[in-house]
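# Residue-level structure breakdown
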Amino acid sequence: MVNKNKIIIPVLAIILVLAVGFSLKLLDFGKDKDSSILTGDDIEIIRSDDEYEFDVSDDDSMRETVLYFKDKQGLLVPVMRRIPWEEGIAKLALRNMIDTPELRESLSRIGLYPIIPAGTKILGMAIDPDTGLCKVDFSREVLNVESKEDEENLIDGVVYTLTEFPTIREVQFLVEGKTVPTFTHGTATSGTFKRGNINLTGNIIESGSKVVVYYKGENYEENFEYYVPVTIPTLAPVPNMYTALELLFDGPPSELELTSDIPEGVTFHGVDVSNGTAYVDISFDTDYPSDIDVVLNGMVRNIGLTLSQFEDIQEVELLIDGKTLEDAGLDVYINDTIPTFANEY
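Residues numbered from 1 in each chain as written. Predicted model: local features only at pLDDT ≥ 70, side-chain atom pairs only at ≥ 80, totals over all residues. Heavy atoms only, no water.

### As for the pairing of strand β10 (residues 266–274)
- In terms of strand pairing, β10 meets strand β11 (residues 277–284) through eight bridges, oriented antiparallel. Each bridged residue has a counterpart across the sheet, and for phenylalanine 268 the counterpart in β11 is isoleucine 282. (Pairing = 2+ DSSP bridges. Helix = DSSP H or I, 4+ residues; strand = E, 2+ residues; numbered from the N terminus.)

Pasting the structure below:
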């Protein structure tokens, strides 16, 4: 006869093991669910990965992130750098902009400098997912800037870096947990800041508009070039591509030590857009240079960066005297895609 107790005991043991495992699974699920709901001054509620396809490098643990530094003229320069992917990625981005000997040495190769004073700590960050307001709490060292220009670059650089994240639309500065009416050199900081007027040259024109034109800076010692966005007021009632490209081809403002990829002797005639492609008509006053492929690719990149401020432009195609490059007798490869990043390092 089979002993029923011998059967019941193993069955009970199996049921107990399954029950314990199921309970632990429920606990783990609850823990994961709770960990995504963050509160307090240190919260980081960037859920951008749900709404936006980030560019991730070949190493999945690194994220391509645009940070802002300054050059020798005090102009802000965007640089794509790869930083470790983690939950507090926006806070980490700012930490990678704080002045340290290591960062200075790294940036010296491209002729740039940090904009957040040495010793500054990011004490907390809170992002409202509904309004896009990001409150950043800095330690008092953030006030240790040397000039009014450095103070403006600090504020603009932080705002531009954070608003590269699509969930952040404006920034409020706190120092040691409190708002301060002004920073060291008089910049009013009690309100919020949005991106706009980066590297503004000239005065805003009433009833006019403004465009951003990309010119080039250079670190001659290291033979490294970089693109600089410059905001230029115009008389045009609304920003437009023709005005932006006209300013690019005319060359940088005389007060700035900048250049461009547009060579002398090249004239801009017009721009038309069709199906996401900007057709830019130019002419050469002299014979084509021997390195025409290099010249044209540089021009397309410079034009593409300048046109990136206008929605729905995905590619740039050059026309020479109204003809395609092929019809103009040129057999060259052109990377016509609008660049994702102005500078990579």
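### Observations concerning the sheet that holds strand β12 (residues 315–320)
- Spatially, four strands are ordered β10-β11-β12-β13 in an open sheet, and the strand pairing comes out mixed. Looking at strand neighbours, the two that pair on one side only are β10 and β13 (323–324), the edges of this open sheet.
- Helix α5 (residues 241–250) contacts β10 and β11 of the sheet and is inclined by roughly 155° relative to β10.
- Contacts between helix α6 (residues 292–307) and the sheet are confined to β10, β11 and β12, with β12 contributing the most and set at about 130° to the helix. (Contact = heavy atoms within 4.5 Å. Axes fitted to C-alpha atoms, helices over the stretch in contact; angles between N-to-C directions.)

### Some words on the packing of α5 against α6
- Closest axis-to-axis distance for the α5/α6 pair is 10 Å, and the angle between their directions is 135°. Our classification of the angle between α5 and α6 gives oblique. Crossing angle aside, the handedness with which α5 passes α6 is right-handed. Counting all contacts with α5, which are made through Met241, Ala244, Leu245, Leu248 and Phe249, the residues of α6 involved are Met299, Asn302, Ile303, Thr306 and Leu307.
- Looking at the contact of α5 with α6 residue by residue, the classes come out as eight nonpolar, two polar and no charged. (Parallel < 35°, antiparallel > 145°, perpendicular 65-115°, else oblique. Left-handed = near helix turned anticlockwise from the far one by under 90°. Nonpolar A, V, L, I, M, F, W, Y, C, P; charged D, E, K, R; others polar.)

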